[in-house]
Amino acid sequence: MKTPDDQRGQAPPPQTSVHPKRTGVRALPDARPAPDSGKDDPQLTLLPPAPPEREPETEPASGQSLWLAVHLPHLALDALAQTGSASPGPLILTEDPAQPRVHDANRAARQAGVRPGMALADALAVLNAPIVLEHDPEASRRHLLTLAAVLLQFTDHVCPELRQQRILLEVGRSLRLFRGAGALEARIRDSLRQLGYTPRIGAARTPAAARLLARLRHPARPLDRDALRRTLSPLPLTVLPLPAVDIQALHGIGLERIGDLLRLPRQDLALRYGTRLPELLGRLLGDLPEPLPRFRPPESPAFHLEFDQEVSATGALRFPLKRLLLQLEQTLRAGNHRTQGLELQLLHRGGTTTRLTLERSQPGSRAEEWLELWNIRLSRLELPAPVRGLRLAVPHLLPAGADSDGLFSSRDGSRAESGFLTRLRARLGDDAVLRFAPTLHPLPEGAQEACSPDRFPALPSGGTTPAQRMAGAALWLRPLQPAPPPGPHEWLGRLEGGWWAGDDQRRDYAVTQDPRGRLCWVFRDLRSGQWQLQGLWG
């Protein structure tokens, strides 16, 4: 038997190699015992694969590219929840009517084992009386484009990917404005959750890597090439957007993780698997550019909601209308716009619609202000037929201005007055609330006209007309009627005009007091000599 002293001059035994495919474990870098351990044979210590470590929080340099991928895997379910009719019980959305299969399922159905792509018959076998609805791809498309318009408030480079239910944003130039990548990501997530959506967000220096990290809910935010390699290397090959046959071929040569693939020469990969695989790796690491188009929102935004069941009461329209107004507010903020009027269409069976319009005295974009007015308007409405959906349209966009309260006062008098008039018009109707506005007519009876409270006719800069100077400020005009010659009176002046329109008038105006003590505004027609009562002083 040899002692440890006899073995010191001998070469150490060869290290044992462990194939990653056969064991699924990793070896320590040096498994040999320390010189004074007293052990004869080196032993190999096997450990399970280490979890991916999150990169330390760093911020990219100014102007450095950073992409965010906003993945919405449950977009159709989130859109259905906008109507307020989502059921807490099992719910399945199906696609492909020829061979129905599951497009998506809510949490209750997923907990029972239902998965996207499963045949509808198999899903019904594991659920007890679920709600089954048909997926509307066009509705999902509209919702995704609306969210793309909303996200323009964070960056000018937004690219929606409709088939993948994903939106890409280049936010490198916005980080300083929003105080860092973490704060910006939190703002985006909060904005989408406020609208009722559940996003998964991934961040990386390339669009391809951001897509991958968003789909995996990976917390890392790699900002340079080395950090990106360290983040991607521990991930399994199955997360790559490759056909299953390519993944099986890579497994066949002993490759399990993306790091194994990155260590191979790109030329050899291209010879064996074609250019698709090396081009994918190049886009992941940023070696190959990936230009993406910029999203352009429509000039006249419109927002849609389709109900899975008909609604017969106006009170049930308030929740989905609130969701539409929140989308409107975010979209107007993104485009730096406001609006003074909205049009709401109630969609009925057979393609018929009920159109409602609402005008405000002052433009704005806040959802709670518009919702208060629409609630007043809907409370007066009797539905002609059950409603199957809503469409909210913005006829005219206005540039954004001061849409907030003052610095030292909650609301000034003019804004409070306009808000009161707007609520009054919403309750009584547009034709029931009017204001008198001055005109350029030369005669007092035509010097004012009734118009909408938000319309102010323009007057020349020269000041008031003679009729307005004659009328004063506190006068109640009334139709002309004959009057007896006044007693003691005070002359106001002479008014002549209307000859160019074929109505030549020459009047001497005076103010007098009638037996009831009222101050009367009278004039004498110089052509006929008759006295007329024009109005009363307040």
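What you see is a predicted model; the values in this text were computed from it and never measured. Within each chain, residue numbers correspond to sequence positions counted from 1 in written order. In view of the model being predicted, local features appear only for residues whose pLDDT reaches at least 70, and side-chain atom pairs are presented and counted only at 80 or more, with totals across whole chains, interfaces and linings using the full set of residues. For side-chain calculations, the full set of non-hydrogen atoms in the structure is used, while hydrogens and water are omitted.

1. A word on the sheet that holds strand 4 (residues 91-95)
Strand order across the open sheet formed by 3 strands is 5-4-6, with mixed pairing between neighbours. In the strand order of this sheet, the two ends are held by strand 5 (101-105) and strand 6 (131-134), each with one partner. Strand-to-strand twist in this sheet, taken as the mean axis angle between neighbours without regard to direction, amounts to 40°. Bridging between strand 4 and strand 6 involves 4 bridges; their strand directions are parallel. The partner of Leu 93 across the bridge, within strand 6, is Leu 133. When DSSP finds at least two bridges between two strands, those strands are taken to pair. Numbered from the N terminus, helices here are DSSP runs of H or I no shorter than four residues, and strands are runs of E no shorter than two. The convention used is that axes are lines fitted to C-alpha atoms, helices contributing only their stretch in contact, and that angles between N-to-C directions extend from 0 to 180 degrees.

2. Focus on the confidence of the model for the protein chain
Here pLDDT means the predictor's own confidence in every residue, given as a number from 0 to 100. Mean pLDDT over the protein chain stands at 78; residues scoring 70 or higher make up 75%. The low-confidence segment residues 1-55 (pLDDT under 50) makes 46 contacts with residues lying over four places distant or belonging to another chain. Under a pLDDT of 50 for its full length, residues 402-414 has, in the predicted model, 14 contacts with residues more than four places off or in other chains. Pairs of residues are marked as contacts when any of their non-hydrogen atoms sit within 4.5 Å.

3. Digging into helix 13 (residues 276-285)
A 1.4 Å probe rolled over the protein chains alone gives each residue an accessible area, and that area as a share of the maximum for its type sets the label: buried under 20%, exposed over 50%, partly exposed in between. Of all 10 residues in helix 13, 7 are buried, a share of seventy percent or more. All buried positions along helix 13 are accounted for by Leu 277, Pro 278, Leu 280, Leu 281, Gly 282, Leu 284 and Leu 285. Tucked into the core, helix 13 has its buried residues touching helix 8 (207-216), helix 9 (225-232), helix 10 (244-252), helix 11 (258-262) and helix 12 (266-273). Gly 286 lies just past helix 13 and shows a positive phi near 90°.

4. Overview of the packing of helix 12 against helix 13
Two numbers describe how helix 12 lies on helix 13: the axes approach to 8 Å, and their chain directions differ by 140°. Here helix 12 lies oblique to helix 13, going by the angle between them. Counted together, Arg 266, Leu 269, Ala 270 and Tyr 273 of helix 12 and Leu 277, Pro 278, Leu 281, Gly 282 and Leu 285 of helix 13 form the full contact between these two elements. When residues are grouped by polarity, Ala, Val, Leu, Ile, Met, Phe, Trp, Tyr, Cys and Pro land in nonpolar, Asp, Glu, Lys and Arg in charged, and all others, Gly among them, in polar. Broken down by class, the residue content of the contact of helix 12 with helix 13 amounts to 7 nonpolar, 1 polar and 1 charged. Just so you know how the angles are binned, under 35 degrees is roughly parallel, over 145 roughly antiparallel, 65 to 115 roughly perpendicular, and the rest oblique.

5. Let's talk about the nonpolar core
Side-chain atoms within 4.5 Å link the members of a nonpolar core, which is a set of buried Ala, Val, Leu, Ile, Met, Phe, Trp, Tyr and Cys residues. Counting residues in each nonpolar core, the largest one holds 57 residues, and the members touching the most others are Ile 188 and Leu 325. Among the elements that make up this core, the one with the highest residue count is helix 14 (residues 318-334) (7 residues). With residues up to four places along the chain from it excluded, the contact list for Ile 188 reads Leu 68, Val 70, Leu 151, Phe 154, Leu 169 and Ile 201.

6. Describing the packing of helix 6 (residues 137-150) against helix 14
Relative orientation of the contacting elements helix 6 and helix 14 amounts to 45°, with a least axis distance of 8 Å. Comparing their axes, helix 14 and helix 6 come out oblique. Every residue of helix 14 that contacts helix 6 at His 143, Thr 146, Ala 149 and Val 150 is listed here: Gln 327, Gln 330, Thr 331 and Ala 334. Looking at the contact of helix 6 with helix 14, its residues break down into 3 nonpolar, 5 polar and no charged.

7. Here we look at the pattern of salt bridges
Throughout this description, the term salt bridge denotes a Lys or Arg side-chain nitrogen within 4 Å of a carboxyl oxygen of Asp or Glu. For the structure on display, the rule yields 24 salt bridges. Between Arg 266 and Asp 287 there is a salt bridge; the shortest N-O distance is 3.4 Å. Remark: Asp 287 occurs in the loop between helix 13 and strand 10 (302-311) and Arg 266 occurs in helix 12; sequence separation between them is 21 residues. Residue Arg 266 is classed as partly exposed on the basis of its relative accessible area of 25%. The partner of Asp 514 in a salt bridge is Arg 518, with the nearest N and O atoms 2.9 Å apart. The exposure class assigned to Arg 518 is partly exposed, which follows from its relative accessible area of 31%. Salt bridges sharing common partners tie together Asp 156, Glu 170, Arg 173 and Arg 294.

8. Concerning the pairing of strand 3 (residues 67-71)
Within strand 3, 5 of the 5 residues are buried, which leaves the element mostly enclosed by the surrounding structure. Side chains Trp 67, Ala 69 and His 71 project from strand 3 onto one buried face, and the interleaved Leu 68 and Val 70 project onto a second face that is buried too. The pairing of strand 3 with strand 8 (residues 166-170) spans 5 bridges and is antiparallel. Residue pairing across strands places Leu 68 opposite Leu 169, the latter belonging to strand 8. Summarising the sheet, strand 3 and strand 9 (residues 200-204) pair through 5 bridges and their orientation is antiparallel. Across the sheet, the residue bridging to Ala 69 is Gly 202, located in strand 9.

9. Describing the pairing of strand 11 (residues 337-348)
With 10 of 12 residues buried, strand 11 is to be regarded as a mostly interior element. With 2 bridges joining them, strand 11 and strand 14 (residues 398-399) adopt antiparallel strand pairing. Residue pairing in the sheet places His 337 in a bridge with Pro 399 of strand 14. Pairing of strand 11 with strand 12 (residues 353-364), which is carried by 8 bridges, proceeds in the antiparallel orientation. Bridging across to strand 12, Gly 341 finds its partner in Glu 359. The hairpin turn running from strand 11 into strand 12, its antiparallel successor, is 4 residues long, and Gly 350 in that turn takes a positive phi close to 85°.

10. Considerations on unusual backbone geometry
For residues that are not glycine, phi is negative in most cases, and the peptide bond is trans in most cases. Of note in this structure, Asp 96 is not a glycine but carries a positive phi near 60°. Within the secondary structure layout, Asp 96 lies in the loop between strand 4 and strand 5. Of note in this structure, Arg 217 is not a glycine but carries a positive phi near 55°. Mapped onto the elements, Arg 217 comes out in the loop between helix 8 and helix 9. Judged by relative accessible area, which is 57%, Arg 217 ranks as exposed.

11. Topic: the sheet that holds strand 7 (residues 158-161)
Within the open sheet, the 4 strands sit side by side as 7-8-3-9. Their pairing is antiparallel. The sheet is open, and its two edges are formed by strand 7 and strand 9, each paired on a single side. Within the sheet, the average angular offset between the axes of one strand and its neighbour, ignoring direction, is 20°. Bridge analysis of strand 7 against strand 8 gives 4 bridges, and the strand direction is antiparallel. Each residue of the ladder has a partner; that of Glu 161, found in strand 8, is Arg 166. Lying on the sheet, helix 7 (residues 181-194) is in contact with strand 3, strand 8 and strand 9; it crosses strand 9 at an angle near 160°.

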